[in-house]
Amino acid sequence: DAGVIQSPRHEVTEMGQEVTLRCKPISGHNSLFWYRQTMMRGLELLIYFNNNVPIDDSGMPEDRFSAKMPNASFSTLKIQPSEPRDSAVYFCASSLSGARSDTQYFGPGTRLTVL
Amino acid sequence: RKEVEQDPGPFNVPEGATVAFNCTYSNSASQSFFWYRQDCRKEPKLLMSVYSSGNEDGRFTAQLNRASQYISLLIRDSKLSDSATYLCVVTGPNTGKLIFGQGTTLQVKP
């Protein structure tokens, strides 16, 4: 079975450019999560969706970040304009229902470098 | 104070050793608890859930102490393949939101 799919796996861009990260959750999963991981701050939740609706976006750092989930099989995280401090690994994860006891399955991540 | 605190290590142990990791969490209303494992440059993966009664999965034993807000992971008979970062994870009181500790790095040496 296919797991969570993320693209691109690596992205190098220049400051000020728009970056779009993509995620396809596991089929049948109703909850989707975007995380960011850095050495300094560890793994942080940015936003999560349940049934395509954003439930908690309190972790989104600022207005430069936006996330959408137009349907159950696709989500995007956009950074516009990007800054060097956005350099990190961005993970997407999905779970069956978003319940506390649900296992979250992570994608391989997108390693973003902003020069 | 961080919501979930772990000793980052690294813990360097020989093969066959027993090693224990601890973690504390700040929100007494946290409901669910997990240990995730993350290999270098890979995604986190669920190792095991942690229950109040304690639970075991092969060489791995997890314990939860709600009164002290403390979670532990014990690895017996360490293997080289156990080398990884172990992330202590709790959920918020009313949501499925996961809150991760910074992780504890384990290096098992031959």
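Whatever comes next refers back to the structure up there.
Below you will find a few notes about this structure. Note that this is a predicted model, so its numbers are computed, not measured.

Let's talk about the sheet that holds strand S7 (residues 60–65) of chain B
Residue and element names in this part refer to chain B. Strand order in this open sheet of five strands is S1-S3-S8-S7-S6, and the pairing throughout is antiparallel. Every interior strand has two partners, whereas the edge strands, strand S1 (4–6) and strand S6 (55–57), have only one. Adjacent strand axes in the sheet meet at a mean angle of 20°, parallel and antiparallel pairs treated alike. Here S1 pairs with strand S3 (residues 19–25) via three bridges, running antiparallel. Across the sheet, Glu5 pairs through a bridge with Thr24, a residue of S3.

Let's talk about the interface of chain B and chain A
Counting from both sides, the interface comprises 20 residues of chain B and, opposite them, 23 residues of chain A. Taken together, chain B and chain A are joined by one salt bridge. The shortest N-O distance in the salt bridge between Asp56(A) and Lys97(B) comes to 3.7 Å. The tally of links between chain B and chain A comes to four residue pairs in polar contact (both at pLDDT 80 or more). Every element with two or more residues in the side of chain B that touches chain A is listed here: strand S4 (33–38), strand S5 (44–50) and strand S10 (98–100) of chain B. Take the side of chain B that touches chain A: its biggest share by element is three residues, from S4(B). In terms of residue class, the side of chain B that touches chain A is built from seven nonpolar, nine polar and four charged.

Describing the sheet that holds strand S7 (residues 65–71) of chain A
Residues and elements named next belong to chain A. Read across the sheet, four strands follow the order S1-S3-S8-S7 without closing on themselves; strand pairing throughout is antiparallel. Edge strands, defined here as strands with exactly one partner in the open sheet, are strand S1 (5–7) and S7. Strand after strand, the sheet turns through a mean of 15° between neighbouring axes, direction not considered. In terms of strand pairing, S7 meets strand S8 (residues 74–79) through five bridges, oriented antiparallel. What sits directly across from Ala67, in S8, is Leu77.

Considering the nonpolar core
Core analysis: the biggest nonpolar cluster contains 24 residues, and Phe21(B), Trp35(B), Ile71(B), Leu73(B), Ile75(B), Tyr86(B) and Leu106(B) have the highest contact counts within it. When contributions to this core are tallied by element, the ones reaching two or more residues are S3, S4, S5, S7, strand S8 (70–75), strand S9 (84–91) and strand S11 (104–109) of chain B. When neighbours within four sequence positions are excluded, Ile71(B) is seen to be in contact with Phe21(B), Asn22(B), Cys23(B), Tyr25(B), Phe33(B), Trp35(B), Val50(B), Gln63(B), Leu64(B), Cys88(B) and Val90(B). Counting 20 residues, the second-largest nonpolar core is a separate cluster that includes Leu21(A), Leu77(A), Leu112(A) and Val114(A).

Comments concerning the state of the cysteines
Here the structure, examined in full by the defined rule, presents two disulfides over all chains. One disulfide in the model links Cys23(A) with Cys92(A); its S-S distance is 1.9 Å. Note on the Cys23(A) and Cys92(A) pair: the S-S dihedral is about -70°, so by sign convention the disulfide is left-handed. With a gap of 69 residues between them, Cys23(A) in strand S3 (residues 19–24) and Cys92(A) in strand S9 (residues 88–95) connect regions that are remote in the sequence. Assessed through its relative accessible area of 0%, Cys92(A) is described here as buried. In this model Cys23(B) forms its disulfide with Cys88(B); the gap between the sulfur atoms is 1.9 Å. Here Cys23(B) and Cys88(B) share a disulfide; its torsion about the S-S bond, -65°, makes the bridge left-handed.

How each quantity is defined
Residues numbered from 1 in each chain as written. Chains lettered and ligands numbered in written order. Predicted model: local features only at pLDDT ≥ 70, side-chain atom pairs only at ≥ 80, totals over all residues. Heavy atoms only, no water. Pairing = 2+ DSSP bridges. Helix = DSSP H or I, 4+ residues; strand = E, 2+ residues; numbered from the N terminus. Axes fitted to C-alpha atoms, helices over the stretch in contact; angles between N-to-C directions. Contact = heavy atoms within 4.5 Å. Salt bridge = Lys/Arg side-chain N within 4 Å of Asp/Glu carboxyl O. Polar contact = N/O pair within 3.5 Å; in protein donor to acceptor, adjacent residues only side chain to side chain. Nonpolar A, V, L, I, M, F, W, Y, C, P; charged D, E, K, R; others polar. Core = buried A, V, L, I, M, F, W, Y, C linked by side-chain atoms within 4.5 Å. Buried < 20%, exposed > 50% of the residue type's maximum accessible area, 1.4 Å probe, protein only. Disulfide = S-S within 2.5 Å.

On their own, these measurements won't tell you what the molecule is for.
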